[in-house]
Amino acid sequence: MNAFEITGGIKLKGEITPQGAKNEALQILSAVLLTKEKIIISNIPDIKDVNKLIELLGDLGVVVERINKDTYSFEARNIDLNFFESDTFKAKGGGLRGSIMIVGPLLARFGKAAIPKPGGDKIGRRRLDTHFIGFEKLGAKFIYDSKKAFFNVDATNLQGAYILLDEASVTGTANIVMAAVLAKGTTTIYNAACEPYLQQLCKMLNRMGAKISGIGSNLLTIEGVDVLGGTEHRMLPDMIEIGSFIGMAAMTESEITIKNVCYDELGVIPEVFKKLGIKLERRGDDIYVPSQKHYEIDTFIDGSILTIADSPWPGFTPDLLSIVLVVATQAKGNVLIHQKMFESRLFFVDKLIDMGAQIILCDPHRATVNGIDKKYKLRGISMTSPDIRAGVSLLIAALSAEGKSTIYNIEQIERGYQDIDTRLRALGAQIKRVNADAPSH
Ligand SMILES: CC(=O)N[C@H]1[C@@H](OP(=O)(O)OP(=O)(O)OC[C@H]2O[C@@H](n3ccc(=O)[nH]c3=O)[C@H](O)[C@@H]2O)O[C@H](CO)[C@@H](O)[C@@H]1O
Ligand SMILES: C=C(OP(=O)(O)O)C(=O)O
């Protein structure tokens, strides 16, 4: 296992370019199964989760060619449906959350699909009801084998339907959209998620010949078509990486320019960081964060303590709340962080408290941060990364802390952040990759 050794307290400086969006990539890659024609995808991040899905597509029979560092072509001409029965599929399919999104396209094109219970972060319950209820509404039948933790889904004739989702699930909406594009008749999905990942997916599907309207809203109308063709697609920059870099700049008092961010696609993200008192400027399509000694958290207009909570798009993404929390520890003022979606994503605050941060974990969903206005620096410690975003938050804390920190289990971080140590070193960070297992307590 690998770990990062970080010597903190160093100001960073320079430019950093975000990778392509991880969560978009997982949807877009799944969609290549919808056609036998060639699809060329660029700005694909070179990260563990994405590479696992590309490998899985290859195992299913998709012809995958790497055109250059971040561009691949995919041709799903012949798909081996027997692969579902193999042990390799059971092992690999369960390795990441995104693999669940191969079900929709396989159902649409071949009338059957299977998937082991998917992986991803252990950040609370991660149910799949929305996906399967949606497939059922389109006429599919699913069987869950709880002993093998394996789902089988069959559909001889998908038929468009009105579907009111029980929650605006991101991967659930993507999966149902991909099943509906080749169904007979019209599907209406209400309470659809509409994150930029989904907007990108729907736009790509339309370029392939699908008929989806309502893109960007929570009401999608999909007129089924008989066949989809090839296209080209470029992934947006990863908005979670962009938010992470804004937070990192503020915590380390660094002057950083984040390049080519597609600012107009960032929704409320820049505003939320501004509410923490962080100065940032839009310069063309870059974000410039000046070096700031102090930043002060806003209150609400009536003077009451600010709350930052997650909600489905266009609300604030839950994937940035851990970052907001860590950044608040060094701000002046107080903020309540309310993680509404996941019940186990805030437990990592115990490590920040060990580093000297003032945080009260009110319950599994809420933490109050008492920002110390840099009266003292956090102190470096050894810690284990519990999930991808907590991992990056701890990395940011370590970069700002006095002394040395070691972060174990960095595979979690590398699931979603490409060459993070190399890119941070280019900004002047002292971060070293070492081979070390987390100590057992
Ligand atoms: C691979 C991928 O794309 N993963 C993202 C995707 O996961 P994923 O698609 O798995 O997450 P879902 O959108 O299904 O739901 C996430 C959690 O939020 C809860 N929930 C969801 C909608 C809602 O209106 N109310 C509510 O409470 C769900 O019960 C669940 O516990 O979306 C999540 C929510 O943005 C992100 O954290 C993940 O990074
Ligand atoms: C929770 C996340 O990913 P996944 O859904 O793949 O676990 C995330 O990207 O923050």
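Please read these numbers as outputs of a predicted model, since none were measured by experiment.

Draft legend 1. Layout of the UniProt feature "binding site: UDP-N-acetyl-alpha-D-glucosamine" (unreviewed entry) in the protein. Following the UniProt record, the feature "binding site: UDP-N-acetyl-alpha-D-glucosamine" (unreviewed entry) maps to R97, D319 and M341 here. The annotated residues named above include R97, D319 and M341 as those lining the largest pocket. On the secondary structure map, R97 appears in the loop between α3 (87-93) and α4 (103-110). Given the relative accessible area of 13%, R97 is considered buried. We classify D319 as buried; its relative accessible area is 12%.

Draft legend 2. Focus on the side chain of T71. Along the polypeptide, T71 turns up in strand β5 (residues 71-75). For T71, a relative accessible area of 9% gives the class buried. For T71, the side chain forms a polar contact with the side chain of N68, separated by 3.1 Å.

Draft legend 3. Structural detail: the site of ligand 1. In the vicinity of ligand 1, 16 residues are found, and the nearest of them are R97, E167, S169, T171 and D319. One of the backbone N or O atoms of V170 is found 2.8 Å from an oxygen atom in ligand 1. Between ligand 1 and T171 there is a distance of 2.6 Å, counted from an oxygen atom to a side-chain nitrogen or oxygen. When the free accessible area of ligand 1 is taken as 740 Å², the share hidden by the protein chains comes to 86%. Under a 2 Å grid-point criterion requiring more than half of the atoms, the pocket assigned to ligand 1 is the largest pocket. Contributing elements (two or more residues each) for the shell around ligand 1: α1 (22-31) and α6 (170-180). Across the shell around ligand 1, the residue classes tally to seven nonpolar, three polar and six charged.

Criteria and thresholds
- Residues numbered from 1 in each chain as written.
- Chains lettered and ligands numbered in written order.
- Predicted model: local features only at pLDDT ≥ 70, side-chain atom pairs only at ≥ 80, totals over all residues.
- Heavy atoms only, no water.
- UniProt positions renumbered as here; feature names shortened; annotations may be inferred.
- 1 Å grid on protein atoms, 1.4 Å probe; cavity = no way out; pocket = protein on both sides within 12 Å on 5 of 7 lines; lining within 4 Å.
- Helix = DSSP H or I, 4+ residues; strand = E, 2+ residues; numbered from the N terminus.
- Buried < 20%, exposed > 50% of the residue type's maximum accessible area, 1.4 Å probe, protein only.
- Polar contact = N/O pair within 3.5 Å; in protein donor to acceptor, adjacent residues only side chain to side chain.
- Near = heavy atom within 4 Å.
- Areas by Shrake-Rupley, 256 points an atom, 1.4 Å probe, with all protein chains shown as cover.
- Sits in = over half its atoms within 2 Å of the grid points.
- Nonpolar A, V, L, I, M, F, W, Y, C, P; charged D, E, K, R; others polar.

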